[in-house]
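# Notes for the structure review
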Amino acid sequence: MPEAPKTAEYSAVAENNKKVLQFIEEVTTNADEVQKRVLAEILSQNAHVEYLHRHDLNGHTDRDTFKKIMPVITYEDIQSDITRIANGDKSPILCSQPISEFLTSSGTSGGERKLMPTIEEELVRRSKLYSLLMPVMSQFVPDLEKGKGMYFLFIKSEAKTPGGLPARPVLTSYYKSPHFKNRRPDPYTNYTSPNETILCSDSYQSMYSQMLCGLCQNKEVLRVGAVFASGFIRAIRFLEKHWSLLCHDIRTGTINSQITDPSVREAVMKILKPDNKLADFIEVECSKKSWQGIITRLWPNTKYIDVIVTGTMSQYIPTLDYYSNGLPLVCTMYASSECYFGVNLNPLCKPSEVAYTLIPTMGYFEFLPVHRNNGVTNSISMPKSLNEKEQQELVDLVDVKIGQEYELVVTTYAGLYRYRVGDVLRVAGFKNNAPQFNFICRKNVVLSIDADKTDEVELQNAVKNAVSHLMPFDAHVIEYTSYADTTTIPGHYVLFWELNVNGSTPVPPSVFEDCCLTIEESLNSVYRQGRASDKSIGPLEIKIVENGTFDKLMDYAISLGASINQYKTPRCVKFAPIVELLNSRVVSSYFSPKCPKWVPGLKQWNNMN
């Protein structure tokens, strides 16, 4: 008899799963009709806003007029409107509903985070997309409702705009919202981490307490994860460093005195009980020389790892395989600060085959064909503004072609119209009439470790600022390239420099360290936050290579078929043999001596104080 409520709960879960899968079936079958309706809704809701008036849309809500009249834009085109809203202008500039907050994008504009406007209603839409994930997953992995998820989730620093609106990352916004904090009991959102541990702003206390709770409930854990692969690996490395402290807490049933947040301590104490046997078990496993398979050893019932491993995160796949003994790596959804887009309907596929089905109710989607002449590159550079012919090339969701690459363009309920997101996608197939996309890359990005995205121009300017330190020694950089080194945890940027030194005095190590720090100070605020606040990026490294190294690099590229006439030094390298060649010729290496300066918010706001 005591089992009856459980059975009823599982029956309700099964019924809900069925409804969700039916919803996906309907919206993907009627994708074009849904898209037309979404666009008409957005344009009729916002018919009287200043931005649409400025472009003479005059209340039209049909697709043809919209595409003929409205320009395809980038962030710079609406930056002045965003600034007005941020400064407190409450008139309907982009959206008829009040802007409730700004979501800070990890893509940057002039070294600062982009501010994406959002409205209260968008939280409902995002929650809807989250609600699709587990019903899809349950088709492939049964009984997930019978255990818990151990997810390492964190909030990040936030700021207030001069007009008083919050400006924060999209996940911080979601975790702090009632939709997350007051979510209804649901076996699929049953996490080992209490809300208080996730919402703790101190990253050490948050990580420690989440890990402690995950270890205490190790037999109940059926899935583990974080947002990005890099974040989950940081959690494992944290365990490597602190397992003896965690074992002590489990053995004694007390929490380490470094955890000072009262709400965190109270929440953890509801879970933590003295357990010698568990402490002994963890101690034995963590004391072993090899940490291969540590995830399945400590959490033996884990069925998969839920992390993003597409795009630049694919560099972490070998490390995850090592720690998990090859557990499935699952990428469940595709989202950004601008809009949440879609879900992976085949979650147990190989990471290289992940394809996201765009859910047509989330926003209005268009696609700009990407043409590449030089095959696969580390980044794709695209013009900032489009001519009339290029604007006419945009196609609708149902009209994309399999195998073609596109840049995603979105129109949202919160006031973005034909906005270029900057993601390059390739059409992998269709679910009914809705396309499924492989995420290829962010345009123009050459370096990324975590949420940071550094492009070639930014890197060039940072190097230019740094080399001024070499001038007193009559030394200059002949050539340079870079790569994201993820063999260290956290990962870090590495720059290879080939020097021409004419001065008689050798360049002191402290000068190269100053060069490292100057580069870091010159990079965008997302990078600097990762270094200074989140500790998700390690100190930047400059490796000085022997003279003639970049000639060798060119010879190698030509041996692989590059044209000697068209060859130019790549500013970022990923191909392992090239990294090996560069590393084999390193004569000295220097690290940034301290963290670059960073404060929440945009530079101009901080200057107002």
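Residues numbered from 1 in each chain as written. Predicted model: local features only at pLDDT ≥ 70, side-chain atom pairs only at ≥ 80, totals over all residues. Heavy atoms only, no water.

## Observations regarding the domain arrangement of the chain
Put simply, the test is: For each domain, the first and last residues come from an automatic or database assignment. Residue contacts follow a heavy-atom distance rule, with two residues in contact if any of their heavy atoms lie within 4.5 Å. Two parts lose some accessible area (1.4 Å probe) when they are put together, and adding that loss for both gives the buried area. Should a side-chain nitrogen of Lys or Arg be within 4 Å of a carboxyl oxygen of Asp or Glu, the pair is scored as a salt bridge. For this analysis, a polar contact is any N or O atom pair within 3.5 Å, provided that within protein one partner can donate a hydrogen and the other can accept it, and provided that sequence-adjacent residues contribute only side-chain to side-chain pairs. Put simply, DSSP marks the helices as runs of H or I at least four residues long and the strands as runs of E at least two long, and each gets a number from the N terminus on. Residue classes follow a fixed rule: Ala, Val, Leu, Ile, Met, Phe, Trp, Tyr, Cys and Pro count as nonpolar, while Asp, Glu, Lys and Arg count as charged, and any other residue, Gly among them, counts as polar.
For the chain, the assigned domains are domain 1 (25–120 + 334–442), domain 2 (141–333) and domain 3 (445–591). Each of domain 2 and domain 3 has a C-alpha centre, and the two are 34 Å apart. Contact residues are listed per partner, giving 13 residues for domain 2 and 13 residues for domain 3. Taking both partners together, domain 2 and domain 3 bury about 1200 Å²; carbon and sulfur atoms supply 46% of that area. Ranking the residues of domain 2 by area buried against domain 3 places Lys156, Arg234 and Gln315 at the top, with a combined share of 39%. In this structure, the connection of domain 2 to domain 3 is made through zero salt bridges. At the boundary of domain 2 with domain 3, the tally comes to zero residue pairs in polar contact (both at pLDDT 80 or more). Considering every element that reaches the side of domain 2 that touches domain 3, the biggest residue donor is helix H11 (residues 229–252), with five residues. Grouping the amino acids of the side of domain 2 that touches domain 3 by side-chain chemistry returns four nonpolar, six polar and three charged.

## Let's talk about the pairing of strand E19 (residues 475–485)
Put simply, the rule is: Exposure classes here rest on a 1.4 Å probe applied to the protein chains alone. A residue is buried below 20% of its type maximum, exposed above 50%, and partly exposed in between. Two strands qualify as a pair provided that DSSP identifies no fewer than 2 bridges between them.
With eight of its 11 residues buried, E19 lies for the most part within the structure. The sheet contact formed by E19 and strand E20 (residues 492–501) spans 10 bridges and is antiparallel. The residue of E20 that forms the bridge with Tyr480 is Trp497.

## Some remarks on the nonpolar core
It is characteristic of soluble globular proteins that their nonpolar side chains tend to be buried jointly. We apply this condition: The criterion is simple. A nonpolar core is a set of buried Ala, Val, Leu, Ile, Met, Phe, Trp, Tyr and Cys residues joined through side-chain atoms within 4.5 Å.
The biggest cluster of nonpolar side chains holds 150 residues, and the ones touching the most others in it are Phe232, Ile295, Phe365, Leu470, Trp497 and Ile519. It is H11 that provides the largest number of residues to this core, a total of 11 residues. The next biggest cluster of nonpolar side chains, apart from the first, holds 18 residues, and it includes Val141, Tyr151, Phe180 and Tyr191.

## Here's the deal with the sheet that holds strand E6 (residues 221–228)
A sheet is described by the order of its strands in space; here four strands give the open sequence E3-E6-E7-E8, paired in parallel fashion. Of all strands in the sheet, those bounded by a partner on one side alone are strand E3 (148–152) and strand E8 (329–330). Judged from the five bridges that link them, E3 and E6 form a sheet pairing that is parallel. Paired with Gly149 across the bridge in E6 is Arg223.

## Let's talk about the side chain of Ser592
The topology assignment puts Ser592 in the loop between strand E22 (586–591) and helix H22 (603–608). The exposure class of Ser592 is buried, given its relative accessible area of 7%. One polar contact links Ser592 to Glu520, side chain to side chain, over a distance of 2.6 Å. Polar side-chain contacts of Ser592 include one of 3.2 Å to the backbone oxygen of Lys594.

## Structural notes on the packing of H11 against helix H13 (residues 276–287)
For clarity, the cut-off: Working convention: axes come from line fits to C-alpha atoms, limited for helices to the stretch in contact. Angles between N-to-C directions cover 0 to 180 degrees. Roughly parallel means an angle under 35 degrees; roughly antiparallel, over 145; roughly perpendicular, 65 to 115; everything else is oblique. It is the rotation of the near helix from the far one that decides the hand of a crossing: anticlockwise by less than a right angle makes it left-handed, clockwise makes it right-handed.
H13 packs onto H11 with a crossing angle of 165° between their chain directions and a minimal axis gap of 8 Å. Overall, the two elements H11 and H13 adopt an arrangement that is roughly antiparallel. The handedness of the crossing between H11 and H13 is left-handed. Contacts between H11 and H13 involve Trp243, Cys247, Ile250 and Arg251 from the first element and Asn276, Leu278, Ala279, Asp280, Ile282, Glu283, Cys286 and Ser287 from the second. Looking at the contact of H11 with H13 residue by residue, the classes come out as seven nonpolar, two polar and three charged.

## Remarks on the pattern of salt bridges
Counted by the stated rule, this structure contains 29 salt bridges. Among the ionic pairs, Arg168 bridges to Glu101, the shortest N-O distance being 2.7 Å. On the criterion of sequence distance, the pair formed by Arg168 in strand E5 (residues 166–168) and Glu101 in strand E1 (residues 101–109) is long-range, its members being 67 residues apart. Looking at Arg168, the relative accessible area reads 14%, which means it is buried. Connected through salt bridges with shared partners, the residues Asp32, Arg63, Lys67, Glu366, Asp396 and Arg418 form a single ionic network.

## A word on helix H15 (residues 317–324)
Quick reminder of the rule: Here the arc refers to the directions that run from the helix axis out to each C-beta atom.
Turning to H15, its buried residues number three or more, namely Ile317, Leu320, Tyr323 and Ser324. An end-on view of H15 places all buried positions within 130° of arc, on one side of the element. Residues of H15 that are buried sit in contact with H11, helix H14 (294–298), strand E7 (304–308) and E8. One or two steps after H15, the chain reaches Asn325, where phi turns positive at roughly 55°.

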